[in-house]
Amino acid sequence: MKQESKQQEKPEWLKVTYSQKKVDQMNTLLSGLNLNTVCAEANCPNLGECFGSGTAAFMILGPNCTRACRFCDVPHGHPRPVDLAEPLHVAQAAKRLGLSHIVVTSVDRDDLPDLGADQFVQTIKALRQITPETTIEVLTPDFQGKTEQLDKIIAAEPDVFNHNMETVRSITPKVRHRATYATSLRVLQYVKEHASTKTFVKTGIMLGLGEKDAEVYQLMDDLRDINIDFLTIGQYVQPSAKHYQLREWVPLERYQKYYHEAKIRGFKFIASSPLVRSSYKAKEELLAVYGK
Amino acid sequence: MIKEIHMPQLSAKSSQYFFGNWSKEPGEQVKRGDILFEVETDKVVSQVESQEDGILKEQKVKTGETVTVNDLVATIEVSEN
């Protein structure tokens with residue numbers, strides 16, 4: 001696919017190193033397992049660094065999403081049949097890579113009766129069996145807010161339950177598809193209220209979509225009202241000219257300001273800088289709260 | 001021995017990129033892991049590392065040009081041993 005136009009001049013921090021050798025090594029390790037990583041599917045800027053350090057975030061339930069959010073680079077398209085071997089393959093990949101922490105996410109599967117929840121559960125079970133020392137973080141869809149699906153995930157006891165708010169309330173309808181601010185907040189609240197105390201609850205937002213300070217603080221307050229533990233804040237990078245238009249490369253000072261505002265509000269861990277993604281260096285959060 | 005350096009696939013979604021700045025000039029020593037050039041994809045500016053030790057012989061692409069995956073980008077003279 002040809003790039004249609006050169007977008008806004010990219011800031012210096014968006015310069016990343018790329019080692020073909022390290023990426024090849026990761027691809028070799030994953031070959032034969034028929035797995036998708038959100039790193040590759042979403043063209044993550046951190047791919048080179050994460051693959052280089054032997055880590056990846058796995059995206060289950062196929063490469064095609066049933067929703068078409070305007071910020072997201074994961075393809076919207078006809079969903080594929082569920083691969084029943086996938087949970088085992090994710091666990092085998094985690095074992096091969098020697099991951100101490102794994103992030104498992106998925107595309108939205110509004111087409112499935114269980115909305116994809118069972119595949120998360122099977123993946124958690126396979127990981128517990130094959131690599132029991134690995135801590136598990138799930139980054140899930142909203143499951144349309146259906147508590148019977150959330151109950152399944154809660155019962156599987158991931159170490160971290162992550163569901164992204166993505167942005168402030170006013171911008172949500174402009175960038176998310178079939179997802180609402182209220183539903184996402186309700187999902188996080190439900191999991192926080194019903195999950196074991198061993199499961200931390202996490203969310204993340206992007207900056208640069210046109211949000212205002214007061215809206216970001218309101219979002220933080222909404223999250224702390226329901227006792228959310230972890231918050232990640234990173235820069236939106238427009239995937240292509242067809243996606244939601246980038247409003248701003250947010251200056252570093254604002255990330256620092258938001259970090260302090262989040263700290264004051266009592267989040268247990270905050271990651272706030274341009275290249276932060278929900279799964280980027282996720283294990284450091286757990287290490288921080290476990291005091292390791 | 002002359003080794004050809006071809007454009008790597010930097011993004012799963014696209015095969016054409018904007019070529020950025022060269023970090024090495026012809027005649028300069030290049031070590032494995034040194035940044036050789038920059039390429040701009042939709043989301044990032046990737047600094048591509050050399051996989052070879054040697055002397056950069058030729059730059060085959062200029063800053064600002066569009067490059068396609070597998071295009072010849074440079075040649076490096078590597079020592080026989």
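On a predicted model such as this, the values are computed, not experimentally measured, just so you know. Every chain's residues receive numbers from 1 upward, in the order its sequence appears when written. Chain labels run from A onward and ligand labels from 1 onward, assigned in the order the entries are written. With the structure being a predicted model, the display of local features is reserved for residues of pLDDT at least 70 and the display and counting of side-chain atom pairs for 80 or more, all residues being used for whole-chain, interface and lining totals. To get the side-chain values, take all heavy atoms of the structure and skip hydrogens and water.

### Some points on the UniProt feature "domain: Lipoyl-binding" (unreviewed entry) in chain B
UniProt positions are given in the numbering used here, feature names are shortened, and annotations may be inferred rather than shown by experiment. Cross-referencing UniProt, the feature "domain: Lipoyl-binding" (unreviewed entry) maps to residues 2-77 of chain B in the present numbering. Annotated as residues 2-77 of chain B, this span is 0% helix and 53% strand, and its ends, taken at the C-alpha atoms, are 4 Å apart. Strands here mean DSSP runs of E at least two residues long; helices mean DSSP runs of H or I at least four residues long; both are numbered from the N terminus.

### Details of the sheet that holds strand 7 (residues 66-68) of chain B
In this description, strands pair whenever DSSP reports at least two bridges between them. On the basis of which strands lie adjacent, the open sheet formed by 5 strands has the order 1(A)-5(B)-4(B)-2(B)-7(B) and mixed pairing. Across the chains shown, the open sheet's two edge strands, defined by having one partner strand only, are strand 1 (15-18) of chain A together with strand 7 of chain B. The mean inter-strand angle of the sheet, taken between neighbouring strand axes irrespective of direction, is 40°. Here strand 2 (residues 16-22) of chain B pairs with strand 4 (residues 35-40) of chain B via 3 bridges, running antiparallel. Paired with phenylalanine 18 of chain B across the bridge in strand 4 of chain B is glutamate 40 of chain B. Axes, fitted as lines to C-alpha atoms, cover a helix only where it is in contact. Angles between the N-to-C directions of the axes lie from 0 to 180 degrees.

### Description of the packing of helix 8 (residues 181-194) of chain A against helix 9 (residues 213-225) of chain A
Residue and element names in this part refer to chain A. The N-to-C vectors of helix 8 and helix 9 enclose an angle of 35°; their axes lie 10 Å apart at closest approach. Contact with helix 8, carried on its side by Tyr181, Leu185 and Leu188, involves Gln218, Leu219, Asp222 and Leu223 of helix 9 and no other residues of that element. Only Asp, Glu, Lys and Arg are considered charged in this grouping, and only Ala, Val, Leu, Ile, Met, Phe, Trp, Tyr, Cys and Pro are considered nonpolar; every other residue, Gly among them, is considered polar. When the residues that make up the contact of helix 8 with helix 9 are grouped by side-chain class, the tally is 5 nonpolar, 1 polar and 1 charged. By definition in these notes, contact holds between two residues if any of their heavy atoms fall within 4.5 Å.

### Quick look at the sheet that holds strand 3 (residues 29-30) of chain B
Residues and elements named next belong to chain B. Within the open sheet, the 4 strands sit side by side as 1-8-6-3. Their pairing is antiparallel. If you trace the sheet from one side to the other, it starts and ends with strand 1 (2-6) and strand 3, each paired once. Here 5 bridges tie strand 1 to strand 8 (residues 72-77), and the two strands are oriented antiparallel to one another. The residue bridging glutamate 4 from the neighbouring strand is threonine 75, located in strand 8.

### Overview of the pairing of strand 3 (residues 57-60) of chain A
Residues and elements named next belong to chain A. Of the two faces of strand 3, the one lined by Ala57 and Met59 and the one lined by Phe58 and Ile60 are each fully buried. Summarising the sheet, strand 2 (residues 36-37) and strand 3 pair through 2 bridges and their orientation is antiparallel. When the bridges of strand 3 are listed, asparagine 36 appears paired with methionine 59. In this structure, strand 3 lies alongside strand 4 (residues 101-106), joined through 4 bridges in parallel fashion. Along strand 4, the bridge assignment pairs methionine 59 with threonine 105. Call a crossover right-handed when, viewed with both strands pointing away from you, the route from the first strand across the helix to the second goes clockwise. Read from strand 3 through helix 4 (residues 86-97) to strand 4, the crossover connection turns out right-handed. Only protein chains enter the calculation, and the probe is 1.4 Å; a residue is then buried if its accessible area is under 20% of its type maximum, exposed if over 50%, and partly exposed in between.

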